[in-house]
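Architecture and fold: a report
The lines below spell out each chain.
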Amino acid sequence: MCGIVGVNGLNNATSVLVNGLKKLEYRGYDSAGIYVNEQNGKDHLVKAQGKIINLENKITDDVQGSVGIGHTRWATHGIPSVENAHPHFSQDDRFYLVHNGVIENYLELRETYLKGVHFESETDTEVVVQLVDKFSNNGLSTPDAFRKTISLLKNSSYAFILMDREQPDVLYVAKNKSPLLIGLGSDFNVVCSDALAMLDVTDSFLELHDKEVVTVTKNDVKIENENGEKITRKPFKVNIDPAAADKGAYPYYMLKEIDEQPAVMRRIQGKYLDNNEPKFDAKLIKQLTYATKLYIVGAGTSYHAGLVGKKLFEKLAKTPTEVVVASEFAYDDPIIEDGAMFIFLSQSGETADSRQVLVRATNEWKVPTLTITNVDNSTLAREADNAVTLEAGPEIAVASTKAYTAQIAVEVLLATAVGRIKDIAAAKEIDLNEQFSQTANAMQVVVDEKDQIQKIAEDNLAKTRNAFYIGRGLDYNVALETSLKLKEISYIQAEGFAAGELKHGTIALIEKGTPVIGIITQAATADNSRSNLQEVLSRGANVINIVREGLAKDGDQIIIPSVDEIMMPLVSVVVGQLMAYYATLLRGYNVDQPRNLAKSVTVE
């Protein structure tokens, strides 16, 4: 959510800022802005509502400088507007600020300290820049005014970059809960909320920890903790080819990322399998093996991947597993068993609600933790005891596809590793190399049959108001994910249901012409699911069957290749991803950037 960029020491700061913001469009936003300073008394503030192209259209040739900050805003306080867009500025135009996060006590601060101050916006952020200005006018230096302001922010999340017109060659930076990195260059330094924003200018970054305050000049980076003590930290390299984050010849990132899934399976196979044996850190596997209960924590798509993971760990490792919604569990009062272990699933590794659970798991419950994420050096990866990367490559589309399948693939390998140590027959019997190869091939077959799926979407989803996915067991777990994909980008009111629960109320929603998509890949429940589909068919539903080979019957519309049943979610979900993609195109919406949504949810 939101994106932050800052530049110090590059003469083309304007273009670097704008290009960086473009790289962060995937995070979701409704307005954008930049502030640049020429270091000669001239400076420029440009803001626009809507897409970055609107901002670019307002940037004239004279908007240049070597130091600047930029921001894409996802509205939390105040409607999307130019006035509410960042950067925000103090009433005397001295200070300029961009901010990701939420200031929880902004109304209290405004009432206590800022009576009589003129506000340009409705945002919580403007309170911060006005406070810095007030404390500076009371005699504090800019660093001290910044620190004093930060000390007043109760229970708040923030990533700040502050500029002072009287010291225009310095960026003041601070972080708590929200992600922020410093990028290192030769005679320049940059700041960003995601390394992707600045990979065109550097691949060397410094991670920042909560409550740290940083002073950034073009030649120096000074990090201090909340007590003012200097922190020394080694930089890390981000080994991502910038081209991997480009669409290439694809019209949308989502389609590219769907098509990449067979290759992701092969990358995971190559990294985490050695001679048909899972290959992970020995300490991690020992902790998982000795765990008497697993808690899988996730949100949205990651939660759905966790539901599949529960079945994998219980079948392959015989470990009792509970899957929890991060935003609920973070503030619940659970009974955590001795011997429990927590697994966190997060594409970005920055999900705020999951981090709240991680903090409790570490400090309160004192249990081992594992993060499975697509972003190495992310907050959840750094702060957990163990971290495993998904090897999926950059995922830019807001609707997650390849990260979901990568999460399940990693769960298969971890559960099998534990199960083999425990001498569980199901884990010993599965030929992982064969299954991963077959699964990658099966996924490829599905993505190669786009025309058929597009036609079914055209016939059933182009104009419908609602739609339902149903299934049993693992198929139900996939139904939840595929319905989420459909609703979040096509805006169809789509829901996923356990097929056996239809008659317990849900069937009342079935009308003539309602699309109902049944997923049938599990032999034990195939006949039951068909019976449920017959119930809705008799009530006028348009039934679409997604069935694996070996279970297919005459009239089934989509038949997918067969792999081991525990791997079938990796294949069947691809059909649902493509159905959502084509439904969205047919309805005329932006596939990659659905309304009101953000890629990385960094506020609670």
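The structure contained in this document is the topic of the report that follows. Note that the coordinates shown come from a computational prediction; the quantities given were computed from them, not determined experimentally.

What the protein contains, in helices and strands, is 19 helices and 27 strands. When its C-alpha atoms are laid out on the principal axes, the protein stretches across 80 × 50 × 45 Å. Buried positions account for 61% of the 604 residues belonging to the protein. Counted over contacts in the protein with a minimum sequence separation of 6, partners at least 24 positions apart contribute 72%. A total accessible area of about 22,900 Å² is found for the protein, and carbon and sulfur atoms account for 46% of it. The average position of the 62 basic charges and that of the 81 acidic charges among the side chains of the protein differ by 2 Å.

Glancing now at the pattern of salt bridges. Evaluation of the coordinates by the stated rule reveals 34 salt bridges. K450 serves as the salt-bridge partner of D259, at 2.9 Å between the closest nitrogen and oxygen. Placement of D259 in helix α6 (residues 253-259) and of K450 in helix α16 (residues 450-460) is noted, with a sequence separation of 191 residues between them. In terms of burial, D259 and K450 fall into one category: buried. Across the salt bridge formed by E565 and R548, the nearest N and O atoms sit 2.8 Å from each other. Of this pair, E565 sits in the loop between β27 (558-560) and α19 (568-587) while R548 sits in strand β26 (residues 542-548), and the two are 17 residues apart along the sequence.

The subject of this paragraph is unusual backbone geometry. The omega angle of the peptide bond from H86 to P87 is 0°, so this bond is cis rather than trans. Here P87 lies in the loop between β4 (67-73) and β5 (88-89). Residue D93 is not a glycine yet carries a positive backbone phi of 65°. Take D93: it is sitting in the loop between β5 and β6 (95-102). Classification of D93 by relative accessible area gives partly exposed; the value is 31%. In the Ramachandran plot, N377 falls in the positive-phi region, its phi being about 70° despite a non-glycine side chain. As for its placement among the helices and strands, N377 is situated in the loop between β21 (369-373) and α12 (379-383).

The antiparallel open sheet is built from eight strands, whose spatial order is β3-β2-β4-β1-β10-β9-β11-β15. Looking at which strands have only one partner, the edges of the open sheet turn out to be β3 (43-49) and β15 (236-237). Direction of pairing for strand β1 (residues 3-8) relative to β4: antiparallel, over a ladder of six bridges. The residue of β4 that forms the bridge with N8 is V67. Where helix α1 (residues 13-23) meets the sheet, its contacts fall on β1, β2 (31-37) and β4, and the angle it forms with β1 comes to roughly 160°.

The next subject is a negative patch on the surface. A cluster of acidic residues, E83, D92, D93, E120 and E122, forms a negative patch at the surface. On the secondary structure map, E83 appears in the loop between β4 and β5. Relative accessible area serves as the criterion here: at 46%, E83 is assigned to the partly exposed category.

For any pair of aromatic rings, the description consists of the separation of the ring centres together with the inter-plane angle of the planes. According to the stated counting rule, one finds 17 aromatic pairs in the structure shown. Judged by centre distance (6.0 Å) and plane angle (40°), the rings of F89 and Y96 are tilted. The pair formed by F89 and Y96 is uniform in burial state, with each residue classed as buried. The interplanar angle of 35° and the centroid separation of 6.3 Å between the aromatic rings of F205 and F236 together place this pair among those described as tilted. A residue pair is termed long-range when its members are at least 10 positions apart, and F205 in strand β11 (residues 204-207) and F236 in strand β15 qualify at 31 residues. A relative accessible area of 0% places F205 in the buried class. What links up through ring pairs into an aromatic cluster is the set Y295, F329, F342, F344 and W365. The cationic tip of R595 hangs over the ring face of Y491; the distance from NZ or CZ to the ring centre is 3.7 Å.

Only one face of strand β24 (residues 493-498) is covered, namely the one carrying A494, G496 and A498; the face carrying Q493, E495 and F497 has none of its residues buried. Where strand β23 (residues 466-471) meets β24, six bridges bridge the pair, whose relative direction is parallel. Residue I470 lies in a different strand from β24, and its bridge partner there is F497. Traced from β23 through helix α17 (residues 474-490) to β24, the parallel crossover comes out right-handed.

Two elements in contact, helix α7 (residues 261-272) and helix α13 (residues 402-421), have axes separated by 10 Å at closest approach and are oriented at 30°. Overall, the two elements α7 and α13 adopt an arrangement that is roughly parallel. Judged by the sense of rotation from one axis to the other, the crossing of α7 with α13 is right-handed. Taking contact as the criterion, the partners of Q261, V264, M265, I268 and Y272 in α7 are, on α13, K402, T405, A406, A409, V410 and L413. Each residue belonging to the contact of α7 with α13 can be placed in one class, and the counts come to eight nonpolar, two polar and one charged.

Compared with an ideal rise of 1.5 Å per residue, which puts 17 residues at 24 Å, helix α9 (residues 301-317) spans 23 Å between its outermost C-alpha atoms and is within 8% of the ideal. Of all 17 residues in α9, twelve are buried, a share of seventy percent or more. All buried positions along α9 are accounted for by T301, S302, H304, A305, G306, L307, V308, G309, L312, F313, L316 and A317. K318, located one to two residues past α9, shows a positive phi value of around 55°.

Cut-offs used in this document
Residues numbered from 1 in each chain as written. Predicted model: local features only at pLDDT ≥ 70, side-chain atom pairs only at ≥ 80, totals over all residues. Heavy atoms only, no water. Helix = DSSP H or I, 4+ residues; strand = E, 2+ residues; numbered from the N terminus. Buried < 20%, exposed > 50% of the residue type's maximum accessible area, 1.4 Å probe, protein only. Contact = heavy atoms within 4.5 Å. Areas by Shrake-Rupley, 256 points an atom, 1.4 Å probe, with all protein chains shown as cover. Lys, Arg positive; Asp, Glu negative; His and termini not counted. Charge placed at Lys NZ, Arg CZ, Asp CG, Glu CD. Salt bridge = Lys/Arg side-chain N within 4 Å of Asp/Glu carboxyl O. Pairing = 2+ DSSP bridges. Axes fitted to C-alpha atoms, helices over the stretch in contact; angles between N-to-C directions. Patch = residues over 30% accessible without salt bridge, like charges linked within 9 Å, V, L, I, M, F, W, Y side chains within 5 Å. Phe/Tyr/Trp six-rings, centres within 6.5 Å; stacked < 30°, edge-to-face > 60°. Lys NZ or Arg CZ within 6 Å of the ring centre and 35° of its normal. Right-handed = clockwise from strand over helix to strand, strands pointing away. Parallel < 35°, antiparallel > 145°, perpendicular 65-115°, else oblique. Left-handed = near helix turned anticlockwise from the far one by under 90°. Nonpolar A, V, L, I, M, F, W, Y, C, P; charged D, E, K, R; others polar. Expected span 1.5 Å × (residues − 1).

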